[in-house]
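What follows is the residue order along each chain.
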Amino acid sequence: MFQDRYFEDYQIGEQRQTMGRTITETDIVLHAGQTGDFYPHHMDSEWCKTQDFGQRIAHGTLIFSVAIGMTAGAINQLAFSYGYDRLRFIKPVFINDTIHVRVTVSDKREHAKRTDHGVVVEKCEVFNQHDELVLVCEHLLLAKRQTPATSV
């Protein structure tokens, strides 16, 4: 599905929320294989029993990847991802935890060099099944302007 939105169409404070997704042992094992991160925090259940969390935890990068993928919806041909800022892993995610994501447009600003685009900042908050915040970041979206800025 396509939904074209210009920079001017985004409103500070607007929100969207995803459905839930359960993180499985398979997710963790596949992510370890793809990234080479086989640290015992993710892979060794016996060792984890001796640590603070008492069980295996999902890779923060796995939760980030899955959560951002969950936010993908309609294709906006007038915008593209410009990057992510302020990424923080707040709480661990365990096998069989279910995460969901709330996205809020938190800021809009001019692009430093491109007068035909603006930057939309989306605050991405990832919650577990207990509505505890587990990850937060800012998604920067480069969106085409309907009318180019007069100066930057």
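Reading guide: rules and limits
Residues numbered from 1 in each chain as written. Predicted model: local features only at pLDDT ≥ 70, side-chain atom pairs only at ≥ 80, totals over all residues. Heavy atoms only, no water. Helix = DSSP H or I, 4+ residues; strand = E, 2+ residues; numbered from the N terminus. Buried < 20%, exposed > 50% of the residue type's maximum accessible area, 1.4 Å probe, protein only. Polar contact = N/O pair within 3.5 Å; in protein donor to acceptor, adjacent residues only side chain to side chain. Contact = heavy atoms within 4.5 Å. Salt bridge = Lys/Arg side-chain N within 4 Å of Asp/Glu carboxyl O. UniProt positions renumbered as here; feature names shortened; annotations may be inferred. Core = buried A, V, L, I, M, F, W, Y, C linked by side-chain atoms within 4.5 Å. Phe/Tyr/Trp six-rings, centres within 6.5 Å; stacked < 30°, edge-to-face > 60°. Lys NZ or Arg CZ within 6 Å of the ring centre and 35° of its normal.

Per an unreviewed UniProt entry, the recorded name for the protein chain is MaoC family dehydratase, and the organism is Dictyobacter halimunensis.

### Some points on the side chain of D27
Residue placement: D27 occurs in helix α1 (residues 25-35). When its relative accessible area of 14% is taken as the criterion, D27 is described as buried. Of the polar contacts made by the side chain of D27, one reaches the backbone nitrogen of T24; its length is 2.8 Å. Among all residues touching D27, those that are not within four sequence positions of it are R21, T22 and L62.

### Details of the pattern of salt bridges
Enumeration over the complete set of coordinates arrives at 13 salt bridges. Note that E132 is salt-bridged to K91, the shortest N-O span being 3.6 Å. Taken as a pair, E132 in the loop between β5 (117-127) and β6 (133-144) and K91 in the loop between β3 (79-89) and β4 (98-110) lie far apart in primary sequence, 41 residues in all. K91 sits in the partly exposed class, given a relative accessible area of 37%. The residue E110 makes a salt bridge to R145 at a minimum N-O spacing of 3.2 Å. With E110 in strand β4 and R145 in the segment after β6, the pair connects residues that are 35 residues apart, well separated along the chain. Where salt bridges share partners, they join E8, E110 and R145 into one cluster.

### Regarding the UniProt feature "domain: MaoC-like" (unreviewed entry) in the protein chain
If you check UniProt for "domain: MaoC-like" (unreviewed entry), the listed places come out as residues 12-116 in our numbering. What you have in residues 12-116 is 30% helix and 28% strand, and the ends, taken at the C-alpha atoms, are 20 Å apart.

### Observations regarding the nonpolar core
One recurring pattern in soluble globular proteins is that nonpolar side chains are buried together. Core analysis: the largest hydrophobic core is formed by 19 residues, its most contacted members being I23, I63, I99 and V126. The element that contributes the greatest number of residues to this core is helix α4 (residues 60-71), accounting for seven residues. Those residues in contact with I23 that sit more than four places away from it in its chain are A58, L62, I63, V66, V93, F94, I95, N96, D97 and I99. With seven residues, the next largest nonpolar core counts F7, Y10, A79 and V120 among its residues.

### Focus: the packing of aromatic side chains
Under the criterion given, the structure shown has two aromatic pairs. Residues F53 and F94 carry aromatic rings whose centres are separated by 6.3 Å and whose planes lie at 70° to one another, so their mutual orientation is edge-to-face. Of the two residues, F53 sits in the loop between α3 (45-48) and α4 while F94 sits in the loop between β3 and β4, which places them 41 residues apart along the sequence. For R5, the ring lying beneath its charged end belongs to Y10, and the centroid distance is 4.1 Å. Note that K108 overlies the ring of F7, its terminal NZ or CZ placed 4.6 Å from the centroid.

### Quick look at the side chain of H100
As for its placement among the helices and strands, H100 is situated in strand β4. On the accessibility criterion, H100 (15% relative accessible area) is buried. Excluding its chain neighbours within four sequence positions, the residues that come into contact with H100 are Q17, T18, M19, G20, M70, E125, V126, F127, N128 and D131.

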